[in-house]
Structures are given as C-alpha cells and as structure tokens.
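Listed here are the chains, written in short residue letters.
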Amino acid sequence: MDALLRLTTRFYERVPANPTLAPVFAHMNPQHAQHVAAFLAEVLGGPETYSADHGGHPHMIRQHLNRHLTQEQRRAWLALLLDTADELGMPDDPEFRSALVGYLEWGSRLAVLNSQDGAEVNPDAPMPKWGWGEVKGPYVP
Ligand code: HEM
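As recorded in an unreviewed UniProt entry, the chain goes by the name Globin, listed as coming from Hylemonella gracilis ATCC 19624. Looking at the Sequence similarities (unreviewed entry) heading of the UniProt record, one finds this comment for the chain: "Belongs to the truncated hemoglobin family. Group II subfamily."

Shown next as structure tokens:
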C-alpha cells in the first residue's frame, strides 16, 4: 500500500504538467491518490480496504460515468503511470511489471468504456483480482 500510494501521489503531482491529462483531473477530489492506491492494492492482492471503506468496484466504475474519456487520454494516463513507476524505482522484475501493466491496460480500457453514453453499473460487480504475472513467480529459463 505504501509503495502504491507513493506511485499515485507522484503521478497526480505530475498530471498538471501533462497537457492531455491536466484538464481531465482539473477538479480532482483531494483524496483521489489515496483512493486509487487503495484500489490498486486490493486488485493486486493487498488489503481489501477499497471494498470495505470506499464502495468497491461499482463505486470506482461510477466515478468514470459520463466523463467521455478518450483513447488518447487513456494512453497518456497509462504512459505517465508507468513512467512514474520507473522514476520512483519501483521493483522492475518481469512478474510484478507484467501484472501491473496487465491490470492497468485492462482497467483503463474498462474506464473508457464505462465513461461513454449509455454505460451501466452492475452494483454486484466483484473486485477484479490480478495474478502476479502469467508465469506465477521468478522465471528461470
Ligand atoms: C486501471 C485503471 C483505473 C483505475 C483503477 C481507476 C481508479 C479510479 C478510482 C478508484 C476513482 C475514484 C476515486 C475516489 O473514490 O475518490 C477514479 C476516479 C476518476 N478516474 Fe479513474 N481509474 C482508472 C482509469 C482512469 C483513466 C484511464 C482515466 C482518464 C484518463 C481516469 C480518470 C478518472 C477521473 C477524472 C476520476 C474522478 C477524479 C475525481 O474527481 O476525484 N481513470 N478512478
């Protein structure tokens, strides 16, 4: 959780200098970095705080409704997040990074889909759980 909070905090510090992302997050809730870190931690197998205290997956999906996010914004979001992970020297073992990229690629596409007209929220949607990379541990060739 601490590492993911460092990641999201630094990410949202960098957002205002990014011309594609700055307008998207111009009116962000001050707790946003904390909430996104809690969400990512739970998906990646950490504490289930987001489900317990912040409304779980349906609540997260609702935050994206009617925002009309674009693929350009999604790509900028993903690129800045991965760049920030490198900047902070987060673990770069293939297993962790493939799990991180895999979930972020999936989740950010879901965010775009759920931000378009007509998207509906399933109030019973479970929290997705992301495995630690397809190889499931250090890969020894
Ligand atoms: C894996 C992908 C994503 C995850 C896990 C995620 C997670 C979240 C969460 C947990 C919230 C609610 C924060 C809260 O409860 O206060 C949220 C809100 C939001 N998300 Fe996402 N998000 C993702 C992708 C994206 C993308 C790609 C964009 C735009 C490029 C985006 C834009 C926003 C915006 C604008 C809000 C509302 C911010 C606010 O007013 O506080 N999200 N997101």
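Now that the structure is up, let's keep going.
1. Comments concerning the overall build of the chain
Counting its secondary structure elements, the chain contains six helices and zero strands. Tracing the chain from N to C terminus, the helices and strands come up as α-α-α-α-α-α. Expected size for 141 residues packed as a compact globule is a radius of gyration near 14 Å; at 15 Å, the chain falls within 12% of this value. Based on the C-alpha atoms only, the size of the chain along its principal axes is roughly 45 × 35 × 25 Å. Burial analysis of the chain (141 residues in total) assigns 18% to the buried set. A sequence separation of at least 24 residues applies to 81% of the contacts in the chain between residues at least 6 apart.

2. Things to note about helix 1 (residues 2–14)
Here helix 1 contains 13 residues, and its C-alpha end-to-end distance of 18 Å stays within 8% of the 18 Å for a straight helix at 1.5 Å per residue. Among the structural elements, helix 2 (32–43) and helix 5 (71–87) are those in contact with the buried residues of helix 1.

3. Observations regarding the site of the ligand
In the vicinity of the ligand lie 23 residues, with Asn29, His35, Gln63, Gly107 and Ala111 positioned nearest. Looking at the shell around the ligand residue by residue, the classes come out as 10 nonpolar, 11 polar and two charged.

4. Brief notes about the nonpolar core
Ranked by internal contacts, the top residues of the largest apolar core, which has 19 residues, are Phe11, Val36, Ala37, Phe39, Leu40, Leu80 and Leu81. When contributions to this core are tallied by element, the ones reaching two or more residues are helix 1, helix 2, helix 4 (56–62) and helix 5. When residues of this core are assigned to their parent elements, the largest contribution, seven residues, is made by helix 2. Not counting the four nearest positions on each side in its chain, Leu80 is found in contact with Phe11, Arg14, Asn18 and Leu21.

5. Notes on the packing of helix 5 against helix 6 (residues 94–113)
In the contact formed by helix 5 and helix 6, the axes pass within 10 Å of each other and the chain directions differ by 150°. Taken together, the axes of helix 5 and helix 6 are roughly antiparallel relative to one another. When the axes of helix 5 and helix 6 are compared, the crossing they make is right-handed. Contacts between helix 5 and helix 6 involve Gln71, Arg74, Trp77, Leu78, Leu81 and Leu82 from the former and Val101, Leu104, Glu105, Ser108, Arg109 and Val112 from the latter. Grouping the amino acids of the contact of helix 5 with helix 6 by side-chain chemistry returns seven nonpolar, two polar and three charged.

6. Considering the confidence of the model for the chain
When pLDDT is averaged along the chain, the result is 94; 99% of the residues meet or exceed 70. Prediction confidence for the complex, expressed as pTM and ipTM, is 0.94 and 0.95 respectively.

7. Some details on the UniProt feature "binding site: heme" (unreviewed entry) in the chain
If you check UniProt for "binding site: heme" (unreviewed entry), the listed places come out as His35 and His59 in our numbering. Over a stretch of 25 residues, the named residues converge on one spot in the fold, their C-alpha atoms separated by at most 11.0 Å. Along the chain, His35 falls in helix 2. Taking the number of C-beta atoms within 10 Å as the measure of exposure, His35 has 19 and is therefore partly exposed. Inspection of the secondary structure assignment puts His59 in helix 4.

8. A word on the packing of helix 1 against helix 5
Between helix 1 and helix 5, the shortest axis-to-axis distance is 9 Å and the interhelical angle comes to 120°. Judged by the inter-axis angle, helix 1 sits oblique to helix 5. Judged by the twist between their axes, the crossing of helix 1 over helix 5 is right-handed. Residue-level contacts link Leu7, Arg10, Phe11 and Arg14 of helix 1 to Leu80, Leu81, Thr84, Ala85 and Glu87 of helix 5.

Conventions we followed
Residues numbered from 1 in each chain as written. Predicted model: local features only at pLDDT ≥ 70, side-chain atom pairs only at ≥ 80, totals over all residues. UniProt positions renumbered as here; feature names shortened; annotations may be inferred. Helix = DSSP H or I, 4+ residues; strand = E, 2+ residues; numbered from the N terminus. Rg over C-alpha atoms; globule rule 2.2 N^0.38 Å. Buried ≥ 20, exposed ≤ 12 C-beta atoms within 10 Å, placed from the backbone. Contact = placed C-beta atoms within 7 Å. Expected span 1.5 Å × (residues − 1). Near = placed C-beta within 6 Å. Nonpolar A, V, L, I, M, F, W, Y, C, P; charged D, E, K, R; others polar. Core = buried A, V, L, I, M, F, W, Y, C linked by C-beta atoms within 7 Å. Axes fitted to C-alpha atoms, helices over the stretch in contact; angles between N-to-C directions. Parallel < 35°, antiparallel > 145°, perpendicular 65-115°, else oblique. Left-handed = near helix turned anticlockwise from the far one by under 90°. pLDDT = per-residue confidence, 0-100.

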